[in-house]
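Working through the structure, step by step
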Amino acid sequence: AVVSTQSGHYGRGDARGLGEPSRYILRYSETDWTNIELELTQERREQWMAEKHSLGFEMPNLPYLIDGDIKITQSLAIVRYLGRKFGLVPGENEKDIIRCDMAEQEIVDLRTAFGRLCYDPAFEEKKAAYLENLDKKLVVFDKFVGEGPFILGEKMTYVDFMVFEFIDQITKLAPGNIANAENVTKFLDNFRKLPALQKYFESEEYKKGKYINSPRSKFPGK
Amino acid sequence: MTITLCYWGVRGLGEPSRYILRYSETEWIDDALVPGKESYVAWLAKKHTMGLDLPNLPYLLDGDVKVTQSLAIVRYLARKLGLVPEEAGLVRCDMAEQEIMDLRTAFGRLCYSPDFEEKKAAYLENLDKKLEVFDRFLGAGPFLMGEKITYVDFLAYEFIDQIKKLAPENVGKAKNVSKFLETFEKLPTLQKFFNSEEHKNGKYVNSPMSAFPGK
């Protein structure tokens, strides 16, 4: 069984955070997996801090993934591992690999800027500048996404899960800005229609909604 | 055709790729932009005309291959120059890469923070904890993947060397890490660079305008 843990760190709050793309890959793969979600409380955080060094991880962190005797931390290492495990990788073509790596890093940049705003005490003051910059980034990214349906065209890879989830998070904050990006919007619509994800999209869990960031952040996004 | 790497004339996120190119003894052009408004304005004027899918700095040109995003560039050079791990080592390599990026990101945030002085103590306390774990992870080496040098060693060397400028004692406490830095500095194909005027003159780690330029 595959076990996945998400952080519920008080003050860090990775509710969907950086771990949700991996959860989507696991849902999509229709493998048996265990989703361990830590409560977003101070108490649970202290428990994590006490136990983190005794779980057999070389560099303890959240999220973590356990698959048999494989133990992985760092959200990107986890997502790439699951990509390889489930065939959601670019393959041997150098152009595809480059495109995949660039997309991965670009979406990480978009997520990082979003995260920084959401946790900034000066959230209100900084929002306008953030949105202006987002618009510029989205114009370029929209062109890059192109026709799709996936980042690598016909071939689905792990970066599609990152793009879907992180843009979906940003949509909570800036729906109008995302809607201006036509290819990106179409990409999200396509992704929501994936057959293997319908079970999840129709579930109570999904309909209830989940925090994007910590409840204590400036933009929890639930 | 000669590889061109274009980035600001600081170490920043571009130096690991520069080290890989030096190490490989490939011919390459170090297109280093002078930090400042003039270069910035010139860059803005040309960035969307160069055929880059996602215009940014650094960028790398290699024939008709055009790459942006520092990590995508590093991994491209790694594949080209044989600095990638075996399949069985990918998990360790990815974890090392990301841990090093986390260390660099935290360092960068401090260096560009208007509250640099106020935040420094907390940063150093956290750095000590992180280095203790990373030191154990690195182990005897000589490299992160053991016997074989891979691209993550270039990331680890450069970014820890940057952090060392700010926090030499903290890095000094990490024994395996310190040994790793020394080993790296003895790599034969890097001696030409380490003995060069360029290296001896030193280079800004961050923007001269940051709270910690690190030159």
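Before reading further, recall that the structure is shown in the block above.
The structure contained in this document is the topic of the report that follows. (Residues numbered from 1 in each chain as written. Chains lettered and ligands numbered in written order. Predicted model: local features only at pLDDT ≥ 70, side-chain atom pairs only at ≥ 80, totals over all residues. Heavy atoms only, no water.)

**Here's the deal with unusual backbone geometry**
Stated formally: In this description a helix means any DSSP run of H or I spanning at least four residues, a strand means any run of E spanning at least two, and both kinds are numbered starting from the N terminus. Relative accessible area decides the class of each residue, using a 1.4 Å probe on protein chains only: under 20% of the type maximum gives buried, over 50% gives exposed, and in between gives partly exposed.
Going from Gly148 of chain A to Pro149 of chain A, the amide bond is cis rather than trans, its omega being 5°. Within the fold, Pro149 of chain A resides in the loop between α5 (123-145) and α6 (158-173). In the segment running from Leu57 of chain B into Pro58 of chain B, the intervening peptide bond is cis, with an omega of 0°. By the secondary structure assignment, Pro58 of chain B is in the loop between α2 (37-46) and β3 (59-62). Unlike most non-glycine residues, Glu30 of chain A shows phi in positive territory, near 55°. Mapped onto the elements, Glu30 of chain A comes out in the loop between α1 (20-29) and β2 (33-37). With a phi close to 80°, Gln74 of chain A is a non-glycine residue in the positive phi region. By the secondary structure assignment, Gln74 of chain A is in the loop between β4 (70-73) and α3 (75-85). By relative accessible area, Gln74 of chain A is classed as buried at 7%.

**Focus: the layout of surface pockets**
Cut-off, in case you're wondering: Using protein atoms alone on a 1 Å grid, points that fit a 1.4 Å probe yet trap it form a cavity, whereas open point sets bounded by protein on both sides within 12 Å along at least five of seven lines form a pocket; residues with an atom within 4 Å of a point count as lining. Grid points are joined across faces, edges and corners, and a volume is the space filled by probe spheres set on the points.
The computed volume of the second largest pocket comes to approximately 660 Å³. As for the second largest pocket, its lining consists of 20 residues, and the residues nearest its centre are Arg84, Pro90 and Ile97 of chain A together with Arg79 and Leu90 of chain B. Listing elements by their share of the lining of the second largest pocket, those giving two or more residues are α3 and α4 (94-118) of chain A together with α3 (70-81) and α4 (90-111) of chain B.

**Describing empty space enclosed by the protein**
All names here are of chain B. What counts is decided by this rule: Classification convention: Asp, Glu, Lys, Arg as charged; Ala, Val, Leu, Ile, Met, Phe, Trp, Tyr, Cys, Pro as nonpolar; all other residues, Gly among them, as polar.
As enumerated under the stated definition, the model contains two cavities of 30 Å³ or more in all. The space that makes up the second largest cavity amounts to roughly 30 Å³. In terms of lining residues, the second largest cavity is bounded by Leu13, Pro16, Ser70, Leu71, Val74, Met101, Leu155 and Phe159. Sorting the residues of the lining of the second largest cavity by element identifies α3 and α6 (151-166) as the ones contributing at least two each. With three residues, the top contributor of residues to the lining of the second largest cavity is α3. Counted by class, the lining of the second largest cavity contains seven nonpolar, one polar and no charged residues.

**Comments concerning the pairing of β4 of chain A**
Residues and elements named next belong to chain A. Defined as follows: Note on pairing: two strands pair once DSSP finds at least 2 bridges between them.
Here four bridges tie strand β3 (residues 64-67) to β4, and the two strands are oriented antiparallel to one another. Across the sheet, residue Asp67 finds its bridge partner in β4, namely Ile70. Counting the residues that bridge the hairpin from β3 to β4 gives two residues, and of these Gly68 lies at a positive phi of roughly 65°.

**What to know about the interface of chain A and chain B**
Put simply, the rule is: In this description, contact between two residues means that some pair of their heavy atoms is separated by no more than 4.5 Å. Two parts placed together each lose some accessible area under a 1.4 Å probe, and adding up what both lose gives the buried area. A carboxyl oxygen of Asp or Glu within 4 Å of a side-chain nitrogen of Lys or Arg is what we treat as a salt bridge. Counting of polar contacts relies on pairs of N or O atoms within 3.5 Å, with two restrictions inside protein: one atom must be capable of donating a hydrogen and the other of accepting it, and residues adjacent in sequence are counted only when both atoms are side-chain atoms.
Facing 30 residues of chain A, the contacting portion of chain B comprises 32 residues. The junction of chain A with chain B conceals about 2,700 Å² of combined surface from both sides, 57% of it contributed by carbon and sulfur atoms. When the area that chain A buries against chain B is broken down by residue, the three leading residues are Met59, Gln74 and Met102 of chain A, summing to 24%. Run the count over chain A and chain B and you get eight salt bridges. Between Asp94 of chain B and Arg80 of chain A there is a salt bridge, with the nearest N and O atoms lying 2.8 Å from each other. Counting every contact that joins chain A to chain B gives 11 residue pairs in polar contact (both at pLDDT 80 or more). Contributing elements (two or more residues each) for the side of chain A that touches chain B: β4, α3, α4 and α5 of chain A. Top contributing element to the side of chain A that touches chain B by residue count: α4 of chain A, with 12 residues.

**As for the sheet that holds strand β1 (residues 3-8) of chain B**
The strands that make up a sheet pair up through hydrogen bonds in the backbone, lying either parallel or antiparallel. All names here are of chain B. Quick reminder of the rule: To obtain each axis, a line is fitted to C-alpha atoms, and for helices this fit is confined to the stretch in contact; angles are then taken between N-to-C directions over 0 to 180 degrees.
Reading across from one edge, β2-β1-β3-β4 is the order of the four strands in this open sheet, with mixed pairing throughout. Unpaired on one side and paired on the other, β2 (28-33) and β4 (65-68) mark the two borders of the sheet. If you compare each strand with its neighbour and ignore which way they point, the axes differ by 15° on average. Relative to β3, β1 runs antiparallel, the two being bridged by three bridges. Pairing of Thr4 across the sheet is with Leu61, part of β3.

**Here's the deal with the packing of aromatic side chains**
Definition in use: Working definition: a ring pair exists when centres of Phe, Tyr or Trp rings (six-membered ring for Trp) sit within 6.5 Å. Plane angles under 30 degrees give stacked, over 60 give edge-to-face, the rest tilted. Sitting over a ring, as applied to charges here, requires NZ of Lys or CZ of Arg to be within 6 Å of the ring centre and within 35 degrees of the ring normal.
Applying the stated criterion to the full structure yields 31 aromatic pairs over all chains. Taken together, a centroid distance of 5.5 Å and an interplanar angle of 85° make the contact between Tyr24 of chain A and Phe164 of chain A edge-to-face. Of this pair, Tyr24 of chain A sits in helix α1 while Phe164 of chain A sits in helix α6, and the two are 140 residues apart along the sequence. Looking at Tyr24 of chain A, the relative accessible area reads 2%, which means it is buried. Residues Phe201 of chain A and Tyr206 of chain A carry aromatic rings whose centres are separated by 5.0 Å and whose planes lie at 75° to one another, so their mutual orientation is edge-to-face. By relative accessible area, Phe201 of chain A is classed as buried at 10%. Assessed through its relative accessible area of 28%, Tyr206 of chain A is described here as partly exposed. Within the aromatic cluster, the residues linked to one another by ring pairs are Tyr24, Tyr28, Phe161, Phe164, Phe187, Phe191, Tyr200, Phe201 and Tyr206 of chain A. Taking the ring centre of Phe166 of chain A as reference, the NZ or CZ of Arg111 of chain A above it sits at 5.7 Å. Geometry around Phe137 of chain B places Arg92 of chain B over its ring, the cationic atom sitting 4.0 Å from the centre.

**Some remarks on the side chain of Gln98 of chain B**
Here Gln98 of chain B lies in helix α4. Taking the relative accessible area as the measure of exposure, Gln98 of chain B reaches 9% and is therefore buried. The residues touching Gln98 of chain B, leaving out its near neighbours within four places in the chain, are Gln74, Leu76, Ala77 and Arg80 of chain A together with Leu71 of chain B.

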